[in-house]
Amino acid sequence: MAEVAIQEAVRRSQLTFKKLEEYHADVNDRIIHYKGFALRMDFENLHTRLLTQSCMDHMGRSGCTVLAWDGDSYSEESFTWLIPQIAQATGVKLVAFLLDIHKERFQRSWGHMGLDVTIYLVPSTAGKSDYTYLGLTAIRTTGANCVLSLGGGQVVMEEFQHAPKHVRYLLWPVHRRTACKLDWEPPKLLEIGDHERLALHDIELDTQIPETPDARGDRVSQFGMDSPTAI
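Residues numbered from 1 in each chain as written. Predicted model: local features only at pLDDT ≥ 70, side-chain atom pairs only at ≥ 80, totals over all residues. Heavy atoms only, no water.

> Help me out: how do you make sense of the packing of aromatic side chains in this one?
Geometrically, a pair of aromatic rings is defined through the distance of the ring centres and the angle of the planes. According to the stated counting rule, one finds 11 aromatic pairs in the structure shown. An angle of 50° between the planes, with centres 5.9 Å apart, marks the rings of Tyr-23 and Phe-97 as tilted. Of this pair, Tyr-23 sits in the loop between strand 1 (14–19) and strand 2 (31–36) while Phe-97 sits in strand 4 (residues 93–99), and the two are 74 residues apart along the sequence. A centroid spacing of 5.0 Å and a plane angle of 80° characterise the contact between Tyr-34 and Phe-79, whose relative ring orientation is edge-to-face. Taken together, the positions of Tyr-34 in strand 2 and Phe-79 in the loop between strand 3 (66–69) and helix 3 (83–90) put the pair 45 residues apart, joining distant regions of the chain. For the pair formed by Tyr-34 and Phe-79, the shared burial category is buried. In this structure an aromatic cluster arises from ring pairing among Phe-17, Trp-69, Tyr-74, Phe-106 and Trp-110. Sitting over the ring of Phe-17, Lys-103 keeps its end group 4.7 Å from the ring centre. Cation over ring: Arg-197 sits above Phe-160, and NZ or CZ is 4.4 Å from the ring centre. (Phe/Tyr/Trp six-rings, centres within 6.5 Å; stacked < 30°, edge-to-face > 60°. Helix = DSSP H or I, 4+ residues; strand = E, 2+ residues; numbered from the N terminus. Buried < 20%, exposed > 50% of the residue type's maximum accessible area, 1.4 Å probe, protein only. Lys NZ or Arg CZ within 6 Å of the ring centre and 35° of its normal.)

Set out below in structure tokens:
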């Protein structure tokens, strides 16, 4: 019985909720805001996995000490799938900005992940979920100058359009499945084209590699990523 309790304690996350006005950045912190597609990402797809590994490699080289995201739930089909892996590989501090009406949802999603996360509660407007407002509030609160996006939809686009002019977006152009799962949806930021605040990080695939499941597994295994079911 005691052993079970110990195992449960090990798996339980340390979630610390604070008011938004309690946020204070350390002068030595290097903060990156992390965004992307929250639904229908396919991490078994070759292009997705290679872009994902490139993104993780960049994170490791960046000197980032704080990884911030906008309170999205954990999912194996979301950019958030990488957060536990990034934390384990780099030792970054995890900070989430969360609409106050979603506190219980966040606890259900992240409470068992075994991560230490400081969550700053952003007051919602009339009880509504305005994710563009949330993202912009987070960026302005931290004063960070870098956003890393693994794909991303309309909200990321709107944040880019209204973000402070010193904030630079780094895009790894992962596509996600459409709602019907029969096609692919590109990230909205690709519609921007050339822009001084947008940097595209893409890769070229070896077209000689057959697109069979076994071939995909052989190729991506070189990069050391866990499978989505490993966490």
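> So what exactly am I meant to see when it comes to the pairing of strand 7 (residues 168–172) here?
Consecutive side chains of a regular strand alternate in pointing toward one face of the sheet and then the other. A large share of strand 7 lies buried, amounting to 4 of its 5 residues. Where strand 6 (residues 146–150) meets strand 7, 5 bridges bridge the pair, whose relative direction is parallel. By the bridge assignment for strand 7, Cys-146 is matched with Arg-168. Taken together, strand 6, helix 6 (residues 154–162) and strand 7 form a β-α-β motif whose crossover is right-handed. Relative to strand 10 (residues 198–200), strand 7 is paired through 3 bridges, and the arrangement is parallel. Directly across from Tyr-169, in strand 10, lies its bridge partner Leu-198. (Pairing = 2+ DSSP bridges. Right-handed = clockwise from strand over helix to strand, strands pointing away.)

> Got a minute to help me understand the packing of helix 5 (residues 131–142) against helix 6 in this structure?
The angle between the axes and the distance between the axes are what describe a pair of packed helices. Where helix 5 contacts helix 6, the axes come no closer than 9 Å and their chain directions differ by 45°. Classed by the angle they form, the pair helix 5 and helix 6 counts as oblique. The two elements helix 5 and helix 6 cross, and the hand of that crossing is right-handed. Seen from helix 5, the contacting residues are Tyr-131, Thr-132, Gly-135, Leu-136 and Arg-140; seen from helix 6, they are Val-155, Glu-158, Glu-159 and His-162. Tallied by class, residues from the contact of helix 5 with helix 6 come to 3 nonpolar, 3 polar and 3 charged. (Axes fitted to C-alpha atoms, helices over the stretch in contact; angles between N-to-C directions. Parallel < 35°, antiparallel > 145°, perpendicular 65-115°, else oblique. Left-handed = near helix turned anticlockwise from the far one by under 90°. Contact = heavy atoms within 4.5 Å. Nonpolar A, V, L, I, M, F, W, Y, C, P; charged D, E, K, R; others polar.)

> Before we go on, may I ask you to explain the pattern of salt bridges in this structure?
It is possible for side chains of opposite charge to pair when their charged atoms get near one another. In total, this model carries 7 salt bridges according to the counting rule given. The shortest N-O distance in the salt bridge between Lys-35 and Glu-159 comes to 2.9 Å. Within this pair, whereas Lys-35 is found in strand 2, its partner Glu-159 is found in helix 6, the two being separated by 124 residues in sequence. According to the relative accessible area criterion, Lys-35 is buried, its value standing at 4%. Between Asp-42 and Arg-177 there is a salt bridge, and its shortest N-O distance comes to 3.1 Å. Linking Asp-42 in the loop between strand 2 and helix 2 (46–61) with Arg-177 in strand 8 (residues 176–177), this pair joins segments that are 135 residues apart in sequence. Exposure remark for Asp-42: the relative accessible area of 19% places this residue in the buried category. (Salt bridge = Lys/Arg side-chain N within 4 Å of Asp/Glu carboxyl O.)

> I would appreciate a short explanation of the layout of surface pockets in the present structure.
The probe, sized like a water molecule, is rolled over the atoms to show the empty space still left. Approximately 460 Å³ is the volume found for the largest pocket. Around the largest pocket sit 23 residues that line it, and Gly-36, Ala-38, Asp-72, Phe-79 and Val-155 are the ones nearest its centre. Every element with two or more residues in the lining of the largest pocket is listed here: strand 2 and helix 6. Looking at the lining of the largest pocket element by element, the count peaks at 4 residues for helix 6. Of the residues contributing to the lining of the largest pocket, the split by class is 9 nonpolar, 8 polar and 6 charged. In this structure, the second largest pocket occupies an estimated 170 Å³ of space. In this structure, the second largest pocket is lined by Lys-18, Tyr-23, His-24, Ala-25, Asp-26, Asp-29, Val-66, Lys-93, Val-95, Thr-118 and Tyr-120. Here the residues of the lining of the second largest pocket sort into 5 nonpolar, 2 polar and 4 charged. (1 Å grid on protein atoms, 1.4 Å probe; cavity = no way out; pocket = protein on both sides within 12 Å on 5 of 7 lines; lining within 4 Å. Points joined across faces, edges and corners; volume = space filled by probe spheres on them.)

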